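Chain by chain, the residues:
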Amino acid sequence: QSTLDDLRERRLPRVTPEKVEYFRRKWPGVPEIEIRRTPELAEGEEETEFRLGFWQMDRPYARSQWVDGTEFTKAIQGLSMLWIDEFVDDHPSDLARYGLANPRGELLVEAADNTLHLFFGKETKDGLVYFKTADADNVYAMKKSRLSLMEMKPFALVEKFILLAFIDKVEEVIVETGEEEYSLTIERVEKPEIERKKKGEEGETAAIYRVNGREVEEEAFKKLYQEIIGLRVDTENDRKLAAGEPEIRVGFVFATSDRQKLSFGFLPHDKDFYAVVRDGTSDFLIARNRVEKMLAAVRAHAGAKN
């Protein structure tokens, strides 16, 4: 007594999250998302920032952003919710009838083990959305309630840390605000071989930590360093273009062959937020109290007595 539809496969191709190489999502009302697997380091390239996961988001932001691996994995796992609820038309004479001649949405997920590529058309009065696969014109429909991934905002997938710099590569951190300037330095000196062998130490160098020239204990220095690199953005910048010069600047000088420098700044946005400026772009905002807490910690260490 089964019908043909009862016997047909309703599942769509499945992909393994950690094997995803490329992801693209287009949907009305939300920015296009494009994510790629992070490329391997080039030969001779010196890594100064933590590689925060396997993927980077190339769109929609002005500069590529690291992807929060946990959230992206959840999103890919959520693809199992995509399902053929109705078999609509196996031989459509006119795809425009279903809104699929010029689809309003697209989902492409390429992984090492599989590929899922769908186009989405019109929504019906019954809460269904017409769709088709990229390699055939068969028209299907699924419940709109299954499409939360298509409506997801890009910020939900963005890694929120501004810049996580390797402390082992850092030579100096400079924090500037108004007339104030604070310098956190790490001087690495070679340990005498005799002393090293006597103490059974493996490392060949020792680090001397200073704040504004004053030597501080390693634990205190690293706690302050965490305050700086632990800064996280809170939301997207609704204005995008930030005018003026940053009120507060944070710069890193690395002990690389070219003494590479990376920096970011904070530009007043409103009474609650600063715009985060990096590489001339300002896609995100950070709560003022986060920045003020970091500044307070820097000032306290700079003014502390030995």
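Described below are features of the structure shown in this document.

Scoring rules and cut-offs
- Residues numbered from 1 in each chain as written.
- Predicted model: local features only at pLDDT ≥ 70, side-chain atom pairs only at ≥ 80, totals over all residues.
- Heavy atoms only, no water.
- Helix = DSSP H or I, 4+ residues; strand = E, 2+ residues; numbered from the N terminus.
- Rg over C-alpha atoms; globule rule 2.2 N^0.38 Å.
- Buried < 20%, exposed > 50% of the residue type's maximum accessible area, 1.4 Å probe, protein only.
- Areas by Shrake-Rupley, 256 points an atom, 1.4 Å probe, with all protein chains shown as cover.
- Lys, Arg positive; Asp, Glu negative; His and termini not counted.
- Charge placed at Lys NZ, Arg CZ, Asp CG, Glu CD.
- Phe/Tyr/Trp six-rings, centres within 6.5 Å; stacked < 30°, edge-to-face > 60°.
- Lys NZ or Arg CZ within 6 Å of the ring centre and 35° of its normal.
- Polar contact = N/O pair within 3.5 Å; in protein donor to acceptor, adjacent residues only side chain to side chain.
- Contact = heavy atoms within 4.5 Å.
- Salt bridge = Lys/Arg side-chain N within 4 Å of Asp/Glu carboxyl O.
- Core = buried A, V, L, I, M, F, W, Y, C linked by side-chain atoms within 4.5 Å.
- Pairing = 2+ DSSP bridges.
- Axes fitted to C-alpha atoms, helices over the stretch in contact; angles between N-to-C directions.
- Arc of directions from axis to C-beta.

1. A word on the overall build of the protein
No. 1: On a plain count of helices and strands, the protein comes out with six helices and 18 strands.
No. 2: The C-alpha radius of gyration of the protein comes to 26 Å, more than 25% above the 19 Å expected for a compact globule of 306 residues.
No. 3: For the C-alpha atoms alone, the extent of the protein along its principal axes is close to 85 × 50 × 30 Å.
No. 4: Residues classed as buried in the protein amount to 42% of the 306 residues present.
No. 5: Per element, the accessible surface of the protein, about 17,200 Å² overall, is 46% carbon and sulfur.
No. 6: One way to put it: in the protein the 48 positive side-chain charges average out to a point 3 Å from where the 60 negative ones average out.

2. Side note on the packing of aromatic side chains
Pairs of aromatic rings are described using the distance from one ring centre to the other and the angle between the two planes.
No. 1: For the coordinates displayed, the defined rule picks out 16 aromatic pairs.
No. 2: What links up through ring pairs into an aromatic cluster is the set Y225, F252, F254, F264, F266 and Y274.
No. 3: Across from the ring centre of F155, 4.6 Å away, lies the NZ or CZ of K160, which sits over that ring.
No. 4: In this arrangement the basic side chain of R232 is found over the ring face of F161, its NZ or CZ atom lying 4.9 Å from the centre.

3. Section: the side chain of K132
No. 1: By secondary structure assignment, the location of K132 is in strand β8 (residues 128-133).
No. 2: Judged by its relative accessible area of 6%, K132 is buried.
No. 3: A polar contact of 3.0 Å, which involves the side chain of K132, links it to the backbone oxygen of A136.
No. 4: Every residue in contact with K132, bar those within four places of it in the chain, is listed here: L95, L100, H117, L118, F119, D137, N138 and Y140.

4. Brief notes about the pattern of salt bridges
Note on pairing: side chains with opposite charge can pair once their charged atoms come close.
No. 1: Evaluated as defined, the whole model comprises 22 salt bridges.
No. 2: Two residues, D58 and R36, come together in a salt bridge whose shortest N-O distance is 3.0 Å. Taken as a pair, D58 in strand β3 (residues 55-59) and R36 in strand β2 (residues 30-37) lie far apart in primary sequence, 22 residues in all.
No. 3: Salt-bridge contacts for R249 lead to E245; the nearest nitrogen and oxygen are separated by 3.0 Å.
No. 4: Here R249 falls in the partly exposed class, since its relative accessible area comes to 35%.
No. 5: Bridged by salt links that share partners, the residues E32, E34, R36, D58 and R59 form one connected network.

5. Considerations on the nonpolar core
Nonpolar side chains in soluble globular proteins generally cluster together in the buried interior.
No. 1: In this structure, L107, F120, F252, F266 and M294 are the most contacted members of the largest nonpolar core, which totals 75 residues.
No. 2: Here this core takes six residues from helix α6 (residues 288-303), the largest share from any one element.
No. 3: Residues L95, L100, L128 and A141 belong to the second largest nonpolar core, which totals seven residues.

6. Looking at the sheet that holds strand β13 (residues 214-216)
No. 1: On the basis of which strands lie adjacent, the open sheet formed by nine strands has the order β13-β12-β11-β10-β15-β16-β17-β18-β14 and antiparallel pairing. The open sheet terminates on both sides in strands that have one partner only, identified here as β13 and β14 (235-236).
No. 2: In this structure, strand β10 (residues 170-177) lies alongside strand β11 (residues 180-190), joined through six bridges in antiparallel fashion. Paired with E176 across the strands is E181, a residue of β11.
No. 3: Strand contacts of helix α5 (residues 218-229): β10, β11, β12 (205-211), β13 and β15 (248-254), with the helix running at about 65° to β12, the strand carrying the most contacts.
No. 4: In this fold α6 packs onto β10, β11, β12, β13, β15, β16 (261-268), β17 (273-278) and β18 (281-287), with an angle of close to 75° to the strand it touches most, β18.

7. Regarding the pairing of strand β1 (residues 20-27)
No. 1: Burial within β1 is extensive, with six of its eight residues counted as buried.
No. 2: In this structure, β1 lies alongside strand β6 (residues 105-111), joined through six bridges in antiparallel fashion. The residue bridging K26 from the neighbouring strand is E106, located in β6.
No. 3: As judged from the five bridges shared by β1 and β2, these two strands associate in the antiparallel manner.

8. A few points about helix α2 (residues 69-77)
Structural remark: α-helix, 3.6 residues per turn; residues separated by three or four positions point the same way.
No. 1: Buried within α2 are the following residues: F72, A75 and I76. Seen end-on, α2 carries its buried residues on one side only, within an arc spanning 95°.
No. 2: In this fold, the buried residues of α2 make contact with β1, β2, β3, β6 and α3 (148-151).
No. 3: If you check the start of α2, you find a side-chain oxygen 3.0 Å away from the backbone N of T70, and it comes from D68.

9. Quick notes on the side chain of T177
No. 1: Its location among the elements puts T177 in strand β10.
No. 2: Sequence-distant contacts of T177, that is, excluding residues within four places in its chain, are made with E247, I248, L295 and R299.

10. What to know about the sheet that holds β8
No. 1: Spatially, the nine strands line up as an open sheet ordered β4-β3-β2-β1-β6-β7-β8-β9-β5, and their pairing is antiparallel. The open sheet has two free edges, formed respectively by β4 (65-66) and β5 (86-89), since each of these has just one partner strand.
No. 2: Direction of pairing for β8 relative to strand β9 (residues 139-143): antiparallel, over a ladder of four bridges. Bridged to F131 within β9 is Y140.

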